[in-house]
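Residue strings, one per chain:
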Amino acid sequence: MKDQSKVVLETKNVDKFFYNPTETQVLRNVSFQINRGEFVSVVGKSGCGKSTLLYILSTMDTDYKGELFMDGERISGKSSNYLSQLRNEKIGFVFQFHYLLNEFSVLENVMIPGLKLGKYSRDQLEHQAMEKLRIFDMQDHARKKANQLSGGQKQRVAIARALINDPLLIMGDEPTGNLDKKNSDIVYNKFRELAKDFGQTMLIVTHDAEFAAGTDRTIEMEDGRVVNFK
Ligand SMILES: Nc1ncnc2c1ncn2[C@@H]1O[C@H](COP(=O)(O)OP(=O)(O)OP(=O)(O)O)[C@@H](O)[C@H]1O
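Just so we're clear, the structure is a prediction, and the values are computed from it rather than from any experiment.

## Points about the nonpolar core
(1) Moving on: If you look at the biggest cluster of nonpolar residues, it comprises 57 residues, and the most contacted ones within it are Val-110, Val-157, Met-202 and Leu-203.
(2) Moving on: Ignoring sequence-local partners within four residues, the contact set of Val-157 consists of Leu-100, Val-106, Asn-109, Val-110, Met-138, Ala-146 and Leu-149.

## Section: the site of the ligand
(1) Moving on: Every residue close to the ligand is listed here: Phe-18, Asn-20, Thr-24, Val-26, Gly-44, Ser-46, Gly-47, Cys-48, Gly-49, Lys-50, Ser-51 and Thr-52.
(2) Moving on: Contributing elements (two or more residues each) for the shell around the ligand: strand 2 (23–35) and helix 1 (50–57).
(3) Moving on: The dominant element in the shell around the ligand, judged by the number of residues it contributes, is helix 1, at 3 residues.
(4) Moving on: Of the residues in the shell around the ligand, the class split is 3 nonpolar, 8 polar and 1 charged.

## Comments concerning helix 3 (residues 106–117)
(1) Moving on: Within helix 3, burial applies to Val-106, Leu-107, Asn-109, Val-110, Met-111, Pro-113 and Gly-114.
(2) Moving on: With its phi angle positive at about 70°, Gly-118 sits one or two positions after the end of helix 3.

## Section: unusual backbone geometry
Peptide bonds are mostly trans, and most non-glycine residues show a negative phi.
(1) Moving on: For the bond from Asn-20 to Pro-21, the omega torsion is -10°, close enough to zero to count as cis.
(2) Moving on: Structurally, Pro-21 is set in the loop between strand 1 (7–19) and strand 2.
(3) Moving on: One non-glycine residue with positive phi stands out, namely Asn-29, at about 50°.
(4) Moving on: Looking at the element boundaries, Asn-29 is found in strand 2.

## Here we look at the packing of helix 3 against helix 5 (residues 151–162)
(1) Moving on: Interaxial distance between helix 3 and helix 5 falls to 7 Å at its minimum, and their mutual angle equals 35°. In this structure, helix 3 meets helix 5 at a crossing whose hand is right-handed. For the pair formed by helix 3 and helix 5, the contact residues are Val-106, Asn-109, Val-110, Ile-112 and Pro-113 on the first element and Val-157, Ala-160 and Arg-161 on the second.
(2) Moving on: Of the residues in the contact of helix 3 with helix 5, the class split is 6 nonpolar, 1 polar and 1 charged.

## Observations concerning the sheet that holds strand 7 (residues 169–173)
(1) Moving on: The 6 strands lie next to each other as 6-7-8-3-9-10, forming an open sheet whose pairing is mixed. What marks the edges here is a single partner per strand, and that holds for strand 6 (91–94) and strand 10 (225–229). Recorded for the sheet is a direction-independent mean angle of 20° between the axes of neighbouring strands.
(2) Moving on: Bridge analysis of strand 9 (residues 217–222) against strand 10 gives 4 bridges, and the strand direction is antiparallel. Within the sheet, the bridge partner assigned to Glu-222 lies in strand 10 and is Arg-225.

The rules behind the values
- Residues numbered from 1 in each chain as written.
- Predicted model: local features only at pLDDT ≥ 70, side-chain atom pairs only at ≥ 80, totals over all residues.
- Core = buried A, V, L, I, M, F, W, Y, C linked by C-beta atoms within 7 Å.
- Buried ≥ 20, exposed ≤ 12 C-beta atoms within 10 Å, placed from the backbone.
- Contact = placed C-beta atoms within 7 Å.
- Near = placed C-beta within 6 Å.
- Helix = DSSP H or I, 4+ residues; strand = E, 2+ residues; numbered from the N terminus.
- Nonpolar A, V, L, I, M, F, W, Y, C, P; charged D, E, K, R; others polar.
- Axes fitted to C-alpha atoms, helices over the stretch in contact; angles between N-to-C directions.
- Left-handed = near helix turned anticlockwise from the far one by under 90°.
- Pairing = 2+ DSSP bridges.

Written out as structure tokens, the structure is:
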């Protein structure tokens, strides 16, 4: 059951340093809130800190200063086991490359994060996976092996997979970065639909200006800082 607090994700004064070989600060005093149902993009020049920020927000990097809250809960300082469970339960990931497993069917690929979480039976998961595939018009491909799909189709399956545990939040790192214009548009429209029809909260890093312009809000970064968020 999802918590119903309005703020889904919040950072307070997040700083990030790398130390190889000299100290470099790559995030500076990053503070913002993302509310339930918002479709948010993160933009900025190469090297401004977008992926570093996403890695922290996704709870995979715990080596930062400042605080991170998810669904009203302070998660900075939690153990890696705790965070791993939290990620499986609350976050769906979409990357530039789909990372589907070629030896498994499309349906199995979508089910995998659900099997890992262990909350639902295999039958239930199969049913849920078909529902997610239907959202992306991929239900007729369910029994195919992942490597029989086109690039655009694979990315649609990857987004269906990110939805399998009904996540609080979808996080994406350049989900259209590897697609041509036609497939980027299809994927963007599916994200838009998820926001409109399902109130899905989403945070997507993108270089695609058109994609960013179509989101509800944009976090603009420059040299490790958030310079605009509207
Ligand atoms: N492991 C690391 N060690 C040292 N510096 C790093 C490390 N990872 C990233 N950086 C530096 O941190 C800064 C931010 O990198 P980051 O990958 O977050 O940028 P980005 O905005 O996502 O870039 P791009 O759009 O090219 O993906 C860059 O100057 C990068 O060189």
